[in-house]
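Topology and contacts: notes
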Amino acid sequence: MALLEVRDLSVVFRRKGEEPTIAVDGISFDVEPGQTVGLVGESGCGKSVTSLAIMGLLPSRGVDVSGSVSFEGTELLHLSQRRLDERRGRDLGMVFQDPLSSLNPVVPIGVQIAEVLQRHRELSRKQARSEAAELLNRVGIPDPARRLDEYPHQLSGGMRQRALIAIALACRPRLLIADEPTTALDVTIQAQILNLLTELVADTDTALIMITHDLGVVAGLCDEVNVMYGGRIVERAERHALFTAPRHPYTNGLLESIPRLDAPRGERLVPIRGSVVDNIPWADGCAFAPRCPNAIEPCWSVTPALVADDGRMLRCHNPVEVPVTAGEGVR
Amino acid sequence: MLRYTIRRVLQLALVVLVLSVLLFAWLRALPGGPVSALLGDRGTAESRAQLREALGLDDPIFVQYFAFLGRALTGDFGTSTGVSPGKPAMELFLERFPATIELSIAAIVIALIGAIPLGYLAARRRGGWFDNASVVGSMIGISIPIFFLAFLLKYLLAIKLGWLPTGGRQSAGLDATRVTGFFVLDGLLTREWDASLDALRHLLLPALALSSIPFAVIFRITRASVLDVMDEDYVRTARSKGLAKRIVRDRHILRNAMLPVVTTVGLQTGALLSGAVLTETVFSWQGVGQALAVGFERKDFPVLQVVIIAAAMAYVLVNLIVDLSYAAIDPRIRTAGKVG
Ligand SMILES: Nc1ncnc2c1ncn2[C@@H]1O[C@H](COP(=O)(O)OP(=O)(O)OP(=O)(O)O)[C@@H](O)[C@H]1O
Ligand SMILES: [Mg+2]
């Protein structure tokens, strides 16, 4: 049994006097223990909403969540608040995109780490505090004993994200969800944080869902990658297969729009044309059709299904041909 | 923090100085004046002139002002001419000030312990019947004229139902020992429980009336602030940790939501004096608000000057305390202060 099984997860936002927004539209994927799974897609494709739905962090009103999220065999979507709170922070941890706004500005860092230890491991205040210092040390924050009493605004962006990681990993969860953990950081810091995350989850055998819009991030650390478009998964493949032989035109477009180390000098990056506002509803065909270079007649009328195709899952009527040199990609 | 406090105290001195000039000039520009107030229509030209001279009203206004300032700096604000003729204005003020403080503290305490939990609950149940009802209630609280509310409370609970006394600070027959001038506290200090209880019963209605505006304002700010804070990322982080509800509420929501509330409490405390004038009048509460009302009627310059200047000082001081406690809650301000 997989550690996490997401089945047909849909999230619909309903506001009075407005069309409902289908943010997540029936997605399914598994995460095995210790595995790192990527969730990739452009802004607005529903990555954050997916992660919040798994964690039970969506607002309680104005949102319909359906489908199933099963964690170690427990259905999370129908868990009572109390039971859910017993698992969040202990078995499931989450790192958020913006480390500054995600930390409480008026509570010392030490308390924000210690409180999760006190909650789930029933440590005394003193024990929790010394363990918090230990954690800060592990995430690479120098002089941890002093940092415990500092406030988020006194830390640099990278340090704050390290502190958030320390919080999320404090109780050695089985699953960590990282929602664009590096987007708000300087480029130089981004690599450090990614390395730290990779190291920590490997050390503790924690499964990781890595959410990002940046395929470059996924390339370095994911075992399997889910590419999302318009609230649905359009391609899922093992990392190597995805990078060397992307089949969905959207995946292909994402790859062509990032710099590659093995690209010939002077080769231009090709952005995907158009933007999400051009989407057509999935019900009328393929949402990506208006932006797709491969679009053919059925793409405008028949909704493509997610089907198995040579070891991967693909949702496309007219996929990119497998290049003959497949397997030679270097990253 | 110390330097900040010193700077604020100097600001206070400047504010009070400017205020004293404006106040002095303004009072003397009012029609009437203490002579007409004292003598009414009966005074002869001669007796008027005598009185004017005795009160020093014939000197040029700036001479009068500097004479006043010189004496005021030594604590001498002159003798009352109307509220309690012959009594030094400062003495009168000191006698009455505790009454107003007691009333104001009671009003603010009622507002705080009532409005903050209600504001939190309303925010958590946004759009529900409780939220809607309390928002309407707070609108009534803000818009109801305070003297009307005071009369209403007095009429219903004191006169009609007889549950509480109609006015004054303590029943006449009680021979209570005075220590601080705060009657409820005095009773506790001297273990005269009955005196304390009696003072509390007298205090309840005027304090309720006076608390109506701060109550409503603090409620609304708390509600709005909690609504804002609930949507913050750090509250989501707190939830992602599976923390107990109580900790999410107190440490993560309320501690942040209190920042704007603290500022409001300061401003509202300052605004209490205007409410106290009306409340004290309705409930014959012998405080400075009532002295102010009578002082205006009888053009009692010394009493008006001491009361208004003291009120301004109290206002600035309260807001200094508020700013300091703001810094105590918000570390971002504290550390900024260290650098600057
Ligand atoms: N609270 C909300 N109310 C209404 N619609 C929402 C809400 N939160 C998200 N959405 C909608 O859900 C869709 C998916 O949003 P989501 O935040 O999951 O995107 P994302 O893939 O994480 O993008 P980004 O890369 O910008 O973080 C968007 O169209 C967004 O407008
Ligand atoms: Mg997002």
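The coordinates are above.
Quick caveat, the model's predicted, so the values are computed rather than measured.

**A closer look at the site of ligand 1**
Residues and elements named next belong to chain A.
- Neighbouring ligand 1 are the residues Phe-13, Arg-15, Ala-23, Glu-42, Ser-43, Gly-44, Cys-45, Gly-46, Lys-47, Ser-48, Val-49 and Glu-180.
- The backbone of Gly-44 places a nitrogen or oxygen atom 2.7 Å from an oxygen atom of ligand 1.
- Lys-47 places a polar main-chain atom, nitrogen or oxygen, 2.9 Å from an oxygen atom of ligand 1.
- A total of three residues in the shell around ligand 1 trace back to one element, the largest contributor, which is helix 1 (residues 47-55).

**Notes on the interface of chain B and chain A**
- Each partner contributes residues to the interface: chain B has 23 residues there, and chain A has 27 residues.
- In total, chain B and chain A occlude about 2200 Å² of area from one another, counting both sides; carbon and sulfur atoms represent 55% of this.
- When the buried area of chain B at its contact with chain A is split by residue, Arg-236, Ser-240 and Lys-241 of chain B rank highest and sum to 27% of it.
- Where chain B touches chain A, the interface holds two salt bridges.
- For Arg-251 of chain B, the salt bridge is made with Glu-115 of chain A, and the minimal N-O distance between the two is 2.5 Å.
- Elements with a minimum of two residues in the side of chain B that touches chain A: helix 10 (233-240), helix 11 (245-282) and helix 14 (331-339) of chain B.
- Class assignment of the residues belonging to the side of chain B that touches chain A gives a composition of seven nonpolar, six polar and ten charged.

**Topic: a nonpolar patch on the surface**
All names here are of chain B.
- A contiguous nonpolar patch, built from Phe-147, Phe-148, Phe-151, Leu-152, Tyr-155, Leu-156, Ile-159 and Leu-278 and spanning about 750 Å² of accessible area, is present on the exposed surface.
- Considering every element that reaches the nonpolar patch, the biggest residue donor is helix 7 (residues 146-160), with seven residues.
- With respect to the secondary-structure elements, Phe-151 resides in helix 7.
- Residue Phe-151 is classed as partly exposed on the basis of its relative accessible area of 46%.

**Quick look at the packing of helix 11 of chain B against helix 12 (residues 288-297) of chain B**
Residues and elements named next belong to chain B.
- At a closest axis distance of 7 Å, the pairing of helix 11 and helix 12 adopts a crossing angle of 85°. Our classification of the angle between helix 11 and helix 12 gives roughly perpendicular. In contact with Leu-273, Ala-276, Val-277, Glu-280 and Thr-281 of helix 11, helix 12 contributes Val-288, Gly-289, Gln-290, Leu-292 and Ala-293.
- When its residues are assigned to classes, the contact of helix 11 with helix 12 shows six nonpolar, three polar and one charged.

**Description of the nonpolar core**
Residues and elements named next belong to chain A.
- Counting 64 residues, the largest nonpolar core has Ile-113, Val-139, Ile-165, Leu-176, Met-210, Leu-215 and Tyr-250 as the members making the most contacts within it.
- Considering every element that reaches this core, the biggest residue donor is helix 7 (residues 157-169), with eight residues.
- Counting the residues that make up this core, at least three belong to each of domain 1 (101-170) and domain 2 (230-261 + 269-314).
- In this structure, Ile-113 is in contact with Ala-132, Leu-135, Leu-136, Ala-166 and Ile-167, ignoring residues within four places of it in sequence.
- With 35 residues, the next largest nonpolar core counts Cys-45, Val-63, Val-69 and Phe-96 among its residues.

**Structural notes on the pattern of salt bridges**
All names here are of chain A.
- Evaluated as defined, the whole model comprises 28 salt bridges over all chains.
- For Glu-72, the salt bridge identified is with Arg-87, shortest N-O distance 2.8 Å. Pair noted here: Glu-72 is in the loop between strand 4 (63-71) and strand 5 (74-75) and Arg-87 is in helix 2 (residues 81-87), with a separation of 15 residues, a long-range link.
- The exposure class of Arg-87 is buried, given its relative accessible area of 15%.
- Notably, a salt bridge pairs Arg-90 with Asp-91, separated by 3.1 Å at the nearest N-O pair.
- Judged by relative accessible area, Arg-90 falls into the partly exposed class, the value being 35%.
- Bridged by salt links that share partners, the residues Glu-72, Arg-87, Arg-90, Asp-91 and Arg-174 form one connected network.

**Considering the environment of Ser-225 of chain B**
Residue and element names in this part refer to chain B.
- Examined against the element boundaries, Ser-225 turns out to sit in helix 9 (residues 193-230).
- Ser-225 sits in the buried class, given a relative accessible area of 7%.
- Here the alpha-carbon distance between Ser-225 and Ala-99, two residues 126 residues apart in the chain, equals 33 Å.

**Some remarks on helix 1 (residues 2-29) of chain B**
Residue and element names in this part refer to chain B.
- With 28 residues, helix 1 should reach 40 Å at 1.5 Å per residue; the first-to-last C-alpha distance of 41 Å fits that figure.
- All of the buried residues along helix 1 are Arg-8, Leu-12, Val-16, Ser-20, Leu-23, Phe-24 and Leu-27.
- On the buried face of helix 1, the contacting elements are helix 4 (61-73), helix 12 and helix 13 (301-329).

**Quick word on the environment of Gly-287 of chain B**
All names here are of chain B.
- Note on placement: Gly-287 falls in the loop between helix 11 and helix 12.
- The exposure class assigned to Gly-287 is buried, which follows from its relative accessible area of 0%.
- Along the sequence, Gly-287 and Val-21 sit 266 residues apart, while their C-alpha atoms lie 25 Å from each other.

**Describing unusual backbone geometry**
- We note that Asp-205 of chain A has phi near 60°; this positive angle belongs to a residue other than glycine.
- One can find Asp-205 of chain A in the loop between helix 8 (187-204) and strand 8 (207-212).
- A positive phi is found at Arg-191 of chain B, a non-glycine position, where the angle reads about 60°.
- Here Arg-191 of chain B falls in the exposed class, since its relative accessible area comes to 61%.

Reading the values: the criteria
- Residues numbered from 1 in each chain as written.
- Chains lettered and ligands numbered in written order.
- Predicted model: local features only at pLDDT ≥ 70, side-chain atom pairs only at ≥ 80, totals over all residues.
- Heavy atoms only, no water.
- Near = heavy atom within 4 Å.
- Polar contact = N/O pair within 3.5 Å; in protein donor to acceptor, adjacent residues only side chain to side chain.
- Helix = DSSP H or I, 4+ residues; strand = E, 2+ residues; numbered from the N terminus.
- Contact = heavy atoms within 4.5 Å.
- Buried area = accessible area lost by both parts, 1.4 Å probe.
- Salt bridge = Lys/Arg side-chain N within 4 Å of Asp/Glu carboxyl O.
- Nonpolar A, V, L, I, M, F, W, Y, C, P; charged D, E, K, R; others polar.
- Patch = residues over 30% accessible without salt bridge, like charges linked within 9 Å, V, L, I, M, F, W, Y side chains within 5 Å.
- Areas by Shrake-Rupley, 256 points an atom, 1.4 Å probe, with all protein chains shown as cover.
- Buried < 20%, exposed > 50% of the residue type's maximum accessible area, 1.4 Å probe, protein only.
- Axes fitted to C-alpha atoms, helices over the stretch in contact; angles between N-to-C directions.
- Parallel < 35°, antiparallel > 145°, perpendicular 65-115°, else oblique.
- Core = buried A, V, L, I, M, F, W, Y, C linked by side-chain atoms within 4.5 Å.
- Domains from an automatic or database assignment.
- Expected span 1.5 Å × (residues − 1).

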